[in-house]
Amino acid sequence: MDTIAHALTANALLTAFAVVGIIMVFSNQISVRFTNGRIHGSAIAIVIGLALAFWGGWTTGGHKGLADVPVLSGIGLMGGAMLRDFAIVATAAEVNVMQAKRAGLIGLIALLLGTTLPFILGAMVAVAFGYGDAVSMTTIGAGAVTYIVGPVTGAALGATSAVIALSIATGVFKAVLVMIGTPLVARFIGLDNPRSAMVFGGLMGTVSGVSGGLAATDRRLVPYGALTATFHTGLGCLVAPSILYVAVRAVVGA
Amino acid sequence: MTMSGVALLAICTLLGQWLGDVLGQLLGVKANVGGVGIAMILLIASRLWLERHDWMSGPASQGIAFWGALYIPIVVAMAAQQDVVAAVKGGPVVLVAGVGSLLLCFAVVALLSRLSPATETMDEIEARERSSKSVLPTPAH
C-alpha cells in the first residue's frame, strides 16, 4: 500500500490526469445511458468534482477540497490558476473575431451591471442579517461579485476576518451555483450564441464559475464568456473598495 | 513544429499576465486586471498575423488545440479543489446573497439577450461555415 501511495504522490500531476480522466469517462457514460445525452457529461463531471471537493474538505479539514488529500495533491496543480489560464487562453484560437467584435459594447454594459447589481444585493443582504456598518456591507457586497473581490476589498478597508470569511464563502457559493445552474437555465436565458455568452461572462463574473458553467452547457461558448469574465475581477477590485465603498458610506454613514 | 504552438501560447499567456499586473498597478488595484483577456487577444492577433504570412503550421495549431481540449478536464480538477465545505457552512447570509445574486444576474442575461436583435446561434454559425466551405474552392496552399 505504501509503495502505491508513494508512486501516486511522487507523480502527483499524472495521478490527477488519471483520476480526472476516469471521472470524465464515468460521467460521459452516465450522460449517455441515463439522460440520453440531455445533461452534458462535463456538467456531471463538474458536479462530481464539487462533491469530491466537499468530501475532501470534510475529511481533511483543509480548504482545497480533494487537493488536500495527499495522494491527490496533483489536482491542485492541474486545476490551479496557471494551467486554468493557459487552457482558457488556448480556447481563444477558436474565437470568431467578427462575432466577438459585434458583442463589444453590450459586453461592457454586462460587465458594469455584473459588478454593481450583485454588490447592491449583497450589501442589502448584509444589512438584513445585522452587518450594518459600511465596511462590512461593502466587503460582503464585494464577495457577491466574486470571491477574489471580497477579500481584496475587505483587506483594503480593514474588515474583520469573520466578515472576510463570509464574503469569500458568498463568492465561492455563487461560483458553485453558476457551475451547476448554468446548464439548467441556459435555454431560458438564450445562452446559445457568442454574444449572449459574452454578456453572460460579463454579468456572472468569476472565471471559474463562468468557464465551468459554459463548459457544462456548450464547450464552444467558453472562449467568448471567458473573454469578458476575465475583466470582471479586476473591475470589481477597482471599484468596490473605492467608488462603491464611498457610495455605501454616503448612504449609511461610517 | 508542435512545440512552437505551445510556446506561442505560453508567451501570450505570460505577456497577458504581466500586462494585467501592470494595468492593475497603474490603476492602484491589488489584482490582475484582464490578464487572461489580454492574453487571448494577443493569441488571436498573433495567429492572424502568422496565418497571413503562411507561417502557422498544422502541428503548431495542434499544439494550441491540445491545450484547448484539456480545458474541460482542468475545469473538473478546479471544481474538485473548491472550498465547498466553507461555502456550505457559511449559513444564511451566504445562501441568500449567493442565490439572490445568481438569480438577479441570470435575469439580466435573459433581458439583455431579449433586448438585443436576434443573432445566429452557435449551431447556425457552424452550419453556415460548413456550407460555405463546401461551396468555395479550397485555397491552393
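As the structure is a prediction and not an experimental result, all values here were calculated from the model. Throughout this description, residue numbers start from 1 for each chain and increase along the sequence as written. To label them, take the chains in the order written and letter them from A, then take the ligands in the order written and number them from 1. In keeping with the predicted nature of the model, local features appear solely for residues at pLDDT of at least 70, side-chain atom pairs appear and are counted solely at 80 or more, and the whole-chain, interface and lining totals rest on all residues. To get the side-chain values, take all heavy atoms of the structure and skip hydrogens and water.

Asker: So what exactly am I meant to see when it comes to the nonpolar core here?
Answerer: Side chains of nonpolar character tend, in soluble globular proteins, to be buried together. Among buried residues, the Ala, Val, Leu, Ile, Met, Phe, Trp, Tyr and Cys ones that are joined through side-chain atoms within 4.5 Å form a nonpolar core. Classification of residues uses two cut-offs on accessible area relative to the type maximum, computed with a 1.4 Å probe and protein chains only: under 20% is buried, over 50% is exposed, and between them is partly exposed. Counting residues in hydrophobic clusters, the biggest one holds 112 residues, and the most contacted among them are Phe 200, Leu 203 and Met 204 of chain A together with Trp 67 of chain B. Only runs of H or I of at least four residues qualify as helices and only runs of E of at least two qualify as strands under DSSP, and these elements are numbered from the N terminus. The element that contributes the greatest number of residues to this core is helix α13 (residues 222-252) of chain A, accounting for eleven residues. Any two residues whose heavy atoms approach within 4.5 Å are treated as being in contact. Setting aside residues up to four positions removed in sequence, Trp 67 of chain B forms contacts with Leu 83, Phe 86, Ala 87 and Ala 90 of chain A together with Val 6, Leu 9 and Ile 74 of chain B.

Asker: What is the right way to look at the pattern of salt bridges in this model?
Answerer: Opposite charge on two side chains lets them pair, provided their charged atoms get close. Salt bridges, as used here, are contacts in which a Lys or Arg side-chain nitrogen is within 4 Å of a carboxyl oxygen on Asp or Glu. Tallied over the full model, the rule gives three salt bridges over all chains. We note a salt bridge from Arg 220 of chain A to Asp 218 of chain A, for which the minimum N-O separation is 2.8 Å. Arg 220 of chain A gets classed as partly exposed once you look at its relative accessible area, which sits at 24%. When the shortest N-O distance is used, the salt bridge between Asp 123 of chain B and Arg 220 of chain A registers 2.9 Å. Residue Asp 123 of chain B is located in helix α7 (residues 122-135), and its partner Arg 220 of chain A is located in the loop between α12 (207-217) and α13; the two belong to separate chains.

Asker: Help me out: how do you make sense of unusual backbone geometry in this one?
Answerer: Trans is the common state for peptide bonds, and a negative phi is the common state for residues other than glycine. Of note, the phi angle at Asp 54 of chain B is positive, near 65°, even though the residue is not glycine. On the basis of relative accessibility, which here comes to 48%, the residue Asp 54 of chain B falls in the partly exposed class.

Asker: Whenever I open this one, the packing of helix α3 (residues 41-60) of chain A against α12 of chain A confuses me. Can you help?
Answerer: When two helices pack together, you describe them by how their axes are tilted relative to each other and by the distance separating the axes. Residue and element names in this part refer to chain A. Helix axes are fitted only over the stretch in contact, all axes being lines through C-alpha atoms; the angle between N-to-C directions runs from 0 to 180 degrees. For the pair α3 and α12, interaxial distance at closest approach is 6 Å and the crossing angle is 140°. When the axes of α3 and α12 are compared, the pair comes out oblique. Contact residues: α3 offers Ser 42, Ala 43 and Ile 46, while α12 offers Gly 212, Ala 215 and Ala 216. Gly is put with the polar residues, along with every residue not named as nonpolar or charged; the nonpolar set is Ala, Val, Leu, Ile, Met, Phe, Trp, Tyr, Cys and Pro, and the charged set is Asp, Glu, Lys and Arg. The residue inventory of the contact of α3 with α12, partitioned by class, reads four nonpolar, two polar and no charged. An angle counts as roughly parallel when it lies under 35 degrees, as roughly antiparallel when it exceeds 145, as roughly perpendicular when it falls between 65 and 115, and as oblique in every other case.

Asker: What is the right way to look at the interface of chain B and chain A in this model?
Answerer: Accessible area lost upon the coming together of the parts is a frequently used measure of interface size. Taken together, the contact between chain B and chain A spans 77 residues of the former and 94 residues of the latter. Here chain B packs against chain A, burying approximately 7,500 Å² in sum over the two surfaces, 78% of which is carbon and sulfur. Taken together, the connections running from chain B to chain A amount to one salt bridge. By the criterion applied in these results, polar contacts are pairs of N or O atoms within 3.5 Å in which, for protein atoms, one can donate a hydrogen and the other can accept it, and in which residues neighboring in sequence qualify only through two side-chain atoms. On the surface where chain B and chain A come into contact, there are seven residue pairs in polar contact (both at pLDDT 80 or more). Secondary-structure elements contributing two or more residues to the side of chain B that touches chain A are α1 (2-26), α2 (35-52), α3 (58-69), α4 (71-79), α5 (84-89), α6 (92-115) and α7 of chain B. Looking at the side of chain B that touches chain A element by element, the count peaks at 20 residues for α6 of chain B. When two parts are put together, the accessible area they lose, computed with a 1.4 Å probe and summed over both, is reported as buried area.

Asker: Just to check I follow, could you spell out the packing of aromatic side chains for this structure?
Answerer: We describe a pair of aromatic rings using the distance from one ring centre to the other and the angle between the two ring planes. The pairing test for Phe, Tyr and Trp rings, Trp by its six-membered ring, is centres within 6.5 Å, and the orientation test on the planes gives stacked under 30 degrees, edge-to-face over 60, and tilted for anything in between. By the definition in use, this model includes five aromatic pairs over all chains. Ring centres of Phe 66 of chain B and Trp 67 of chain B lie 5.8 Å apart, and the angle between their planes is 80°; on these two criteria the pair is classed as edge-to-face. Note on Trp 67 of chain B: relative accessible area 17%, which makes it buried. Feature note: the residues Phe 86 of chain A together with Phe 66 and Trp 67 of chain B constitute an aromatic cluster, connected by ring pairs.

Asker: Would you explain a nonpolar patch on the surface in this entry?
Answerer: A cluster of nonpolar side chains, namely Phe 129 of chain A together with Leu 95, Val 96, Val 99 and Leu 103 of chain B, defines an oily patch on the protein surface of about 410 Å² accessible area. Secondary-structure assignment places Leu 95 of chain B in helix α6. You can call Leu 95 of chain B partly exposed: its relative accessible area is 47%. Here, patches come from residues exposed beyond 30% relative accessible area and free of salt bridges, joined within 9 Å for like charges and within 5 Å for nonpolar side chains (Val, Leu, Ile, Met, Phe, Trp, Tyr). Computed by Shrake-Rupley with a 1.4 Å probe, the accessible areas treat only the displayed protein chains as cover when residues are assessed.

Asker: Got a minute to help me understand the environment of Glu 126 of chain B in this structure?
Answerer: Position of Glu 126 of chain B relative to the elements: it lies in helix α7. When the C-alpha atoms of Glu 126 of chain B and Gly 20 of chain B are compared, they prove to be 33 Å apart, with 106 residues separating the residues in sequence.

Asker: Mind showing me how you'd approach helix α2 (residues 12-34) of chain A here?
Answerer: Along an α-helix, a turn takes 3.6 residues, which lines up residues three or four apart on a common side. Its 23 residues give α2 of chain A an end-to-end C-alpha distance of 32 Å, which sits within 8% of 33 Å, the value for a rise of 1.5 Å per residue. Ala 12, Thr 15, Ala 16, Val 20, Ile 23, Met 24, Ser 27 and Ser 31 of chain A are the residues of α2 of chain A that are buried. The secondary structure elements touched by the buried residues of α2 of chain A are α1 (2-10), α3 and α4 (74-78) of chain A together with α4 of chain B. Asn 36 of chain A occupies a position one or two residues after α2 of chain A and carries a positive phi of about 60°. Helix span, expected: 1.5 Å multiplied by one less than the number of residues in the helix.

Asker: Whenever I open this one, the side chain of Lys 174 of chain A confuses me. Can you help?
Answerer: For Lys 174 of chain A, the position within the fold is in helix α10 (residues 161-185). Despite its burial, Lys 174 of chain A pairs with no opposite charge; the closest candidate is Asp 85 of chain A, at 17 Å N-O. Here Ala 144 of chain A takes part through its backbone oxygen, which lies 2.9 Å from a polar atom of the side chain of Lys 174 of chain A. When neighbours within four sequence positions are excluded, Lys 174 of chain A is seen to be in contact with Pro 118, Ala 144, Val 145 and Met 204 of chain A together with Gly 98, Ser 101 and Leu 102 of chain B. Residues scored as positive are Lys and Arg, those scored as negative are Asp and Glu, and His as well as the terminal groups of each chain are ignored.

Asker: Before we go on, may I ask you to explain the confidence of the model for chain A in this structure?
Answerer: Averaged over all residues, the pLDDT of chain A equals 85, while 98% of them reach at least 70. Per-residue confidence from the predictor is given as pLDDT, running between 0 and 100. No element of chain A has a lower mean pLDDT than helix α6 (residues 97-102) of chain A, which averages 71, and none a higher one than α4 of chain A, which averages 94.

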